[in-house]
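Tertiary structure, described
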Amino acid sequence: VVAEVPKQIGARAGCFVEGFVRGDDDPNQVQPLKCKQSNKGKTLSLGELAKKHDIDLEEDKLVIVKKARYCTHLVKLDTREYGLPQTRNRKYLFVWRSDDPEDDLGGYIQLIMDHLKTPLLHSMEAFLLSPTHDRIRRFREALRSGPGLMVAKERAKELDFFDWDLTGVKDLGYHVNYREMHGINERARWLTQWDTRGRRQVTPGIWPELVAMWNMRRLDLIDCFSAGMVRDPISRDPNHHSFTWDLSQNVHRTDARKSTVGVSGCVTPGCELLLPHKGRTMMGFEKLLLQGIPFTRLALGPESEVQLSDLAGNAMSVPVITACMLAGICSFQLRREQKSIAKVNLRNFALSQKYDHANGSVLAERGDLYGAKLSTTKDFAEVFAKICDNLAVDAFRCSVLCNCESSGQTSPDEKVLECSYCGLGICHACTSRHQIGSHSLTEIITSETKRPNPHEFEMKLRCAAPSLLVLGKAWEDTIPEATGLESYSFQLQRVDRMRGHWLLTYGAWEDHGSGRQVAEIRVALGQIGALQKELGVAAYVKCFSPAIRHDNPKRGVLGDSARLILRTKGQSIDVESATWEVKGTKPTKSSLDIVGSDPTDSTRIRVGLNDDAAKALKSHSAQKKFTKNFPKSRNNLLHYHKKWKTWPGTIDVSGDENEASVNGTYKKMSCEHSIVLSALWRRDETDDSPALYLYLRPDVMRTDLDVAVISTTPSYRDNMEICELKDWIPENTLVEGTYSTNVRFLSWE
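The sections below set out a description of the structure shown in this document. (Residues numbered from 1 in each chain as written. Predicted model: local features only at pLDDT ≥ 70, side-chain atom pairs only at ≥ 80, totals over all residues. Heavy atoms only, no water.)

Tallying secondary structure elements over the chain gives 18 helices and 27 strands in all. Oriented by its inertia axes, the alpha-carbon framework of the chain measures out at about 110 × 75 × 60 Å. Here the chain holds 749 residues, and the buried ones make up 46% of them. Accessible area for the chain stands at about 39500 Å²; split by element, carbon and sulfur atoms hold 49% of it. (Helix = DSSP H or I, 4+ residues; strand = E, 2+ residues; numbered from the N terminus. Buried < 20%, exposed > 50% of the residue type's maximum accessible area, 1.4 Å probe, protein only. Areas by Shrake-Rupley, 256 points an atom, 1.4 Å probe, with all protein chains shown as cover.)

The structure is reproduced here in structure tokens:
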């Protein structure tokens, strides 16, 4: 009789033990237990029982006498295997009643669970709310309210985290050890520059009011992780690349990066996931979405962010639970239809669709305008040129000109400054809370400038903009990926307030809006490029057919297929000269000589890395499974470059024989944080040539290497690149053998 049971043993106190079965023997051949006369009435431990009967506790099985027998099957799975971008490893136990110890129903359950796995098509970014969503706006307003200021005031009284004698915080040892192991200077605080008495200056993209809520342990964890990302052989900037950091854990108990890019960490009760490239933490609604729970269908009341986070953390992922339920229900019928597991083919049970023959291609007959005769339409350039003449100035003035306005608010300060090097915008009130010492700021909005109300302007813009767009003739003949789109209407989906401009997004959908989205048209009104003095309209057409087709779908960043840029000249736009540009199918490949001089400190040095970081990476042997998909590169992707401590202060580019040449001398700008890894070089404007900028264009999801580009604006968000530098890092300009660099010129025809 079982008297007491440890937690890991599958038996209940009071049960009768019939015997045991060895290894893979027939379950019906139960060997009885033997008891000596001297042991009667005594209690034996499981180990003593196993020793007396030579029982292998790992392989053999104890048989319990029960009125009903049950069989079990354990399934180990991860949420990201079922279409959600979240790493959530769980084990699900299937239990069914059966008198047959060799019941093979578990094999059928496993087959169904494997068949229901869904490829991960959308990254975590697709599940995040818009910056102007009401939930984010209200959360930020709460941080700025009286209770938020009181919390910030209490945090400012915290004693120095790094003074052990004063505070005695036990977590300090973990942080010091982390910095020593990764070669990070003890006082390096690149992202937050935290100090005692509430003194903090964060990077321009992070919410300062949110940082004021955190204690020094969390602030130092952020600085440790940010330095760790730059420390990697392939440096990533957390201000511009997607990461999720769990601030609720100690620095040694959580990962700064996940093994699968585009996937968040496990959503647990009480976790606080920081999105550094968004400047904020993950909202409770977003955590529910990562669990597959549509918050719009829940009868939610005034729940706080903590309550919503706990609700999401305690929940189970909806696709996983649905798959388990289907497997449990269908496994019995599947076994009845096919007695042999080896002969089961679940593809025979797949539901066929009407348009399966198209293999995911965009079909004209699925468009809402298929076969319809359109009435007289107006030309796109004429319509939006008129809108630009009337609203472009107001669009720029009431756009997001400072980080404090990114959540739908407007800065109460009358003065707005702009960096003349990189285009960073910031209001006068925020200058004391952000790191702006490296920027050259000048006033662009003064007290005499009247800024329109953004909510009133949005209503005015919605009334002026057309609610529906249609592609004219010859689009399908000119652009291969636009096949079938002339039968679709593009309906206005969103009007977003962006940095320097307003963005209208039009979408085309299959089956009158009930199918897939097949294309979009984005129209920007206001400042269409950083530091551009002329305002105007920029329209971009993006076709989704390369990404949604079934045969060899394109993965990664999907570029635009066509664009139209209208700039104001004088008081209006010259509509007659406006033409659509199509992206060249074969970019021109060439090579340039890129030579650097005037060495200056690299970003790794500015972050606070020392020689221990380089030595640790050099002595580390990476496993082949992590490096087998590395791209070919002339630079070592596992160790630092020998010139890793310095970057060129001046870059001379030569070898371009085109009329609009990129040749010239590029000087490094002092701007930090507003561009990737603070890497920005500028060729000054002359009478014969415009200003050009050389910087790193980030792969935000970290699926590939960042690409160095030459552009007409200093921001990668403007999509104004004219040249890509292949396999180039700034250190290449300091070694003669790597001066020559292959480039690709991007052309619009």
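There's more to say after this.
Spatially, 3 strands are ordered β2-β1-β3 in an open sheet, and the strand pairing comes out antiparallel. Strand pairing shows two members of the sheet lacking a second neighbour, β2 (31–32) and β3 (61–65), which therefore form its edges. Here strand β1 (residues 16–21) runs beside β2; their pairing, made up of 2 bridges, is antiparallel. Bridged to phenylalanine 20 within β2 is glutamine 31. (Pairing = 2+ DSSP bridges.)

Our focus in this paragraph is the packing of helix α3 (residues 134–144) against helix α4 (residues 146–155). Packing of α3 against α4 leaves a shortest axis separation of 4 Å and a crossing angle of 55°. Classified by the angle between their axes, α3 and α4 sit oblique to one another. Packed against α3, whose contacting residues are Ala142, Leu143 and Arg144, the element α4 presents Gly146, Gly148 and Leu149 at the interface. Of the residues contributing to the contact of α3 with α4, the split by class is 3 nonpolar, 2 polar and 1 charged. (Axes fitted to C-alpha atoms, helices over the stretch in contact; angles between N-to-C directions. Parallel < 35°, antiparallel > 145°, perpendicular 65-115°, else oblique. Contact = heavy atoms within 4.5 Å. Nonpolar A, V, L, I, M, F, W, Y, C, P; charged D, E, K, R; others polar.)

Among the nonpolar cores identified, the biggest contains 95 residues, and Trp214, Trp245, Val662, Tyr666, Ile710 and Leu725 are the most heavily contacted of them. For this core, the element with the most residues is helix α8 (residues 216–231), which contributes 9 residues. Contact partners of isoleucine 710, with chain neighbours within four places excluded, come to Val662, Tyr666, Leu692, Tyr693, Leu694, Glu721, Ile722, Cys723 and Leu725. Core analysis: the second largest hydrophobic core is formed by 45 residues, Val362, Ala381, Val523 and Leu535 among them. (Core = buried A, V, L, I, M, F, W, Y, C linked by side-chain atoms within 4.5 Å.)

What follows is about the environment of asparagine 28. By the secondary structure assignment, asparagine 28 is in the loop between β1 and β2. Along the primary structure asparagine 28 and threonine 738 are separated by 710 residues, whereas in three dimensions their C-alpha atoms are 73 Å apart.

A few words on the sheet that holds strand β11 (residues 441–445). Pairing within the open sheet is antiparallel, and its 3 strands lie in the order β10-β9-β11. The open sheet has two edge strands with one neighbour each: β10 (425–427) and β11. Taken over all neighbouring pairs, the strand axes of this sheet differ in orientation by 35° on average, direction set aside. As judged from the 4 bridges shared by strand β9 (residues 416–419) and β11, these two strands associate in the antiparallel manner. The partner of cysteine 419 across the bridge, within β11, is leucine 441.

On to helix α13 (residues 454–464), then. Along α13, the residues that are buried comprise Pro454, Phe457 and Leu461. For α13, the arc enclosing every buried residue in end-on projection is 55°, short of the 170-degree limit, so these residues lie on one face. Residues of α13 that are exposed and angled more than 90 degrees away from the buried face: His455, Glu456, Met459 and Cys463. A side-chain oxygen of the first residue of α13 lies 2.8 Å from the backbone nitrogen of histidine 455; this N-cap is asparagine 453. (Arc of directions from axis to C-beta. Polar contact = N/O pair within 3.5 Å; in protein donor to acceptor, adjacent residues only side chain to side chain.)

The next thing to look at is the packing of helix α6 (residues 172–182) against α8. At a minimum axis distance of 11 Å, the contact between α6 and α8 shows a crossing angle of 10°. The pairing of α6 with α8 is recorded here as roughly parallel in orientation. Between α6 and α8, the residues in contact are His175, Tyr178, Arg179, Met181 and His182 and Arg217, Asp220, Leu221, Asp223, Cys224, Phe225 and Arg231, respectively. Across the contact of α6 with α8, the residue classes tally to 5 nonpolar, 2 polar and 5 charged.

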